[in-house]
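# Close look at the chain arrangement
Take a look at the letters that make up each chain.
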Amino acid sequence: MEKKINFNFIAYCIISAFPILLISGPFLSDFFCILLSLIFVIYNFKNHKWLVVIKNYYFYFFFIFFVYLNINSLLSFDSKISFASSIPFIRIIIFIFALSFFISNYKKIYRGIYVVFLIAISSLFFDSMIQYFFRLNIFGDIQPSANRISSFFGDELIMGSYVSRLLPLILGVSFLFKFEKKYFFNIIILLISGILVMLSGERLAGFYYTGLLIIYFLLTKKYFLQFSISIIIFLLVSITYKPVIIERFYNDTINQFSQTGSVFSYRHTLHYKTAYDMFLDKKFFGHGLKSFRYKCSDKRYENKIREKQDLDQKDGNSTYVMEYKNGCNTHPHNIYFEFLSELGIVGFIFLLILFFFTSYQLIYFSIKNIFVRKINEIEVGKSLILTGIVLQLFPLVPSGSYFNNWMMIIFHLSVGFYLSILKNKND
């Protein structure tokens, strides 16, 4: 007798494990992203379910974007380099709809990922406290910076990014399964996450975290006073014991503003200037995926930056800017400039559609629940997950590369969970 494969349970194990997989780095998270996608493909071929996937406006949007990425690669500065990123993007599209499909079929995944995230951040918190006091974590890794804690992430200073990007999703799913003590445990998660974000020294993570707090307490109106008192106590203890951790958020931001007149560092400003100049050279289609890292060192862009530095020098404000000769890096550190320089106006339109659509949905569901006595928990869950998506798409802050493997998975994880809620409503 042929043994029937329980695809839903396998998907449950994989999806619930992502909070831990993402801590391990890009390899395992990408591997299980592909594995989940393959399981989804096999399941649909076996059960003839493809029409359910294809009859979906969201599928059309992402598939058309995928087609454009590959057409763009044909026109790229180097098709071989661009195709190496555009063709594998299909796994992300399948990943999104695999998440949506399996979660809507097996709702225990909501509870599973919530519990695993709680275990993950508790472990990070325990390890970070050891590194905070002794400068070594449980694996003997030395604290990489005097004012930044990295815990299990080692030299990759992304602990705050990990926590702040997953947190809206995790809080959101707590409203999607029966959980009587959700508000109490959510405050515990918020407190631990807030401490980890502060210890990480990542100001972008601080922005994400603050934005989430505003939405969460506007919607739930629970435990705000207790949360505030706990955070104030932690800040006072930190300022007394090791002020250098907290000073990074304040002093570095003030210094940065005095140097550039904005929240962006001078280095980031150079990235944006170079990306914008690249966009002006190829407005409609850009230079192609992964082109920024190769094209940014062209003499024409370097010369423009040097001209700007000379002008600053005449005004007597050149003390900081002369550190750099160009705006080069692996990416422009802002996804909007990344899309403009590499994918042009056509690619930029896809990003704008995604941002404005999710922003509209967030505003719509949030307003519906802010001014009511009894909230709709499903809509609160939607709002919180959408908060994470909108914050990661917010244009006026620095960001990682949209096409970085780790970043794509952590971002589209929220997209897949959001679509699973919509699928439940439609079923």
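Just so you know, these numbers come straight off a predicted model, no measurement behind them. (Residues numbered from 1 in each chain as written. Predicted model: local features only at pLDDT ≥ 70, side-chain atom pairs only at ≥ 80, totals over all residues. Heavy atoms only, no water.)

## Regarding the overall build of the chain
Scanning the chain for helices and strands turns up 19 helices and 0 strands. The buried share among the 427 residues of the chain stands at 55%. Accessible surface for the chain amounts to roughly 20,100 Å². Of this, 67% is attributable to carbon and sulfur atoms. (Helix = DSSP H or I, 4+ residues; strand = E, 2+ residues; numbered from the N terminus. Buried < 20%, exposed > 50% of the residue type's maximum accessible area, 1.4 Å probe, protein only. Areas by Shrake-Rupley, 256 points an atom, 1.4 Å probe, with all protein chains shown as cover.)

## Examining a nonpolar patch on the surface
A cluster of nonpolar residues, F63, V67, I71, L74, L75, F284, F285, I345, I349 and I353, forms a patch on the protein surface that exposes about 890 Å² of accessible area. Of all elements in the fold, only α5 (57–74) and α17 (335–370) reach the threshold of two or more residues within the nonpolar patch. Sorting elements by how many residues they give to the nonpolar patch places α5 first, with 4 residues. Inspection of the secondary structure puts F63 in helix α5. (Patch = residues over 30% accessible without salt bridge, like charges linked within 9 Å, V, L, I, M, F, W, Y side chains within 5 Å. Salt bridge = Lys/Arg side-chain N within 4 Å of Asp/Glu carboxyl O.)

## Concerning the nonpolar core
In terms of nonpolar packing, the biggest core is built from 115 residues, with F89, F102, Y162, L190, F403, L413 and F417 touching the most fellow members. Not counting residues up to four positions away in its chain, the partners in contact with F102 are F7, N8, A11, I15, L36, I39, F40 and I109. A275, M278, F292 and Y301 belong to the second-largest nonpolar core, a separate cluster that totals 6 residues. (Core = buried A, V, L, I, M, F, W, Y, C linked by side-chain atoms within 4.5 Å. Contact = heavy atoms within 4.5 Å.)

## Quick look at the state of the cysteines
Chemically, a disulfide is nothing more than a covalent bond linking the sulfur atoms of two cysteines. Using the criterion set out here, one finds 1 disulfide in the structure. Here C296 connects covalently by a disulfide to C328, the sulfurs 2.0 Å from one another. Looking along the S-S bond of the C296-C328 disulfide, the torsion reads about 110°, which is the right-handed sense. Here the residue C296 occupies a position in the loop between α15 (292–295) and α16 (299–314), and C328 occupies one in the loop between α16 and α17, the gap between them amounting to 32 residues. Each member of the pair, C296 as well as C328, carries the same accessibility label: buried. (Disulfide = S-S within 2.5 Å.)

## Regarding helix α6 (residues 79–86)
By the burial criterion, the buried members of α6 are S82, S85 and S86. An end-on view of α6 places all buried positions within 95° of arc, on one side of the element. More than 90 degrees from the buried face of α6, the exposed residues found are K80 and A84. Contacts made by the buried residues of α6 are with α5 and α7 (90–105). Measuring from the backbone nitrogen of K80 back to the side-chain oxygen at the start of α6 gives 3.2 Å, which picks out D78 as the cap. (Arc of directions from axis to C-beta. Polar contact = N/O pair within 3.5 Å; in protein donor to acceptor, adjacent residues only side chain to side chain.)

## Brief notes about the side chain of K182
Tracing the backbone shows K182 in helix α10 (residues 182–200). Of note is the side chain of K182, whose polar atom sits 3.3 Å from the side chain of E377. Ignoring anything within four residues of it in the chain, the contact list for K182 reads Y114, S174, F175 and E377.

## Points about the pattern of salt bridges
Scanning the model with the defined rule gives 6 salt bridges in all. Ionic pairing is found between D277 and K273, a salt bridge with its closest N-O pair at 4.0 Å. Note that D277 and K273 are positioned in helix α14 (residues 266–281) at a spacing of 4 residues, about one turn of the helix. On the accessibility criterion, K273 (29% relative accessible area) is partly exposed. For E379, the salt bridge goes to K368, with nearest N and O atoms at 2.8 Å. Linking E379 in helix α18 (residues 377–393) with K368 in helix α17, this pair joins segments that are 11 residues apart in sequence.

## Here we look at the packing of aromatic side chains
The geometry of an aromatic ring pair comes down to the distance between the two centres and the angle between the two planes. Evaluation of the coordinates by the stated rule reveals 52 aromatic pairs. Each ring, one from Y114 and one from F179, has its centre 5.4 Å from the other, and the planes form 75°; the classification is edge-to-face. Linking Y114 in helix α8 (residues 108–134) with F179 in the loop between α9 (159–173) and α10, this pair joins segments that are 65 residues apart in sequence. Like F179, Y114 is buried. (Phe/Tyr/Trp six-rings, centres within 6.5 Å; stacked < 30°, edge-to-face > 60°.)

## Quick look at the packing of α10 against helix α12 (residues 224–241)
Between α10 and α12, whose axes approach to 11 Å, the crossing angle comes to 30°. Classed by the angle they form, the pair α10 and α12 counts as roughly parallel. The way α10 lies across α12 gives a crossing that is right-handed. For the pair formed by α10 and α12, the contact residues are I187, L190, L191, I195, M198 and L199 on the first element and F227, S230, I231, F234 and L235 on the second. (Axes fitted to C-alpha atoms, helices over the stretch in contact; angles between N-to-C directions. Parallel < 35°, antiparallel > 145°, perpendicular 65-115°, else oblique. Left-handed = near helix turned anticlockwise from the far one by under 90°.)

## Describing the confidence of the model for the chain
Put simply, the chain has an average pLDDT of 88, and 85% of its residues get 70 or more. Mean pLDDT values for the elements of the chain range from 62 in α16 up to 97 in α9. Predicted confidence is poor over residues 316–322, with pLDDT under 50, and the contacts of this stretch with residues over four places away or in other chains come to 9 contacts. (pLDDT = per-residue confidence, 0-100.)

## Notes on α10
Over its 19 residues, α10 extends 26 Å from the first C-alpha to the last, a length consistent with the 27 Å expected when each residue adds 1.5 Å. G201 lies just past α10 and shows a positive phi near 75°. (Expected span 1.5 Å × (residues − 1).)

## Things to note about the environment of P88
Structurally, P88 can be placed in the loop between α6 and α7. Under the relative-accessibility criterion, P88 is labelled partly exposed at 31%. Sequence separation between P88 and F66 is 22 residues; the distance between their C-alpha atoms is 9.6 Å.

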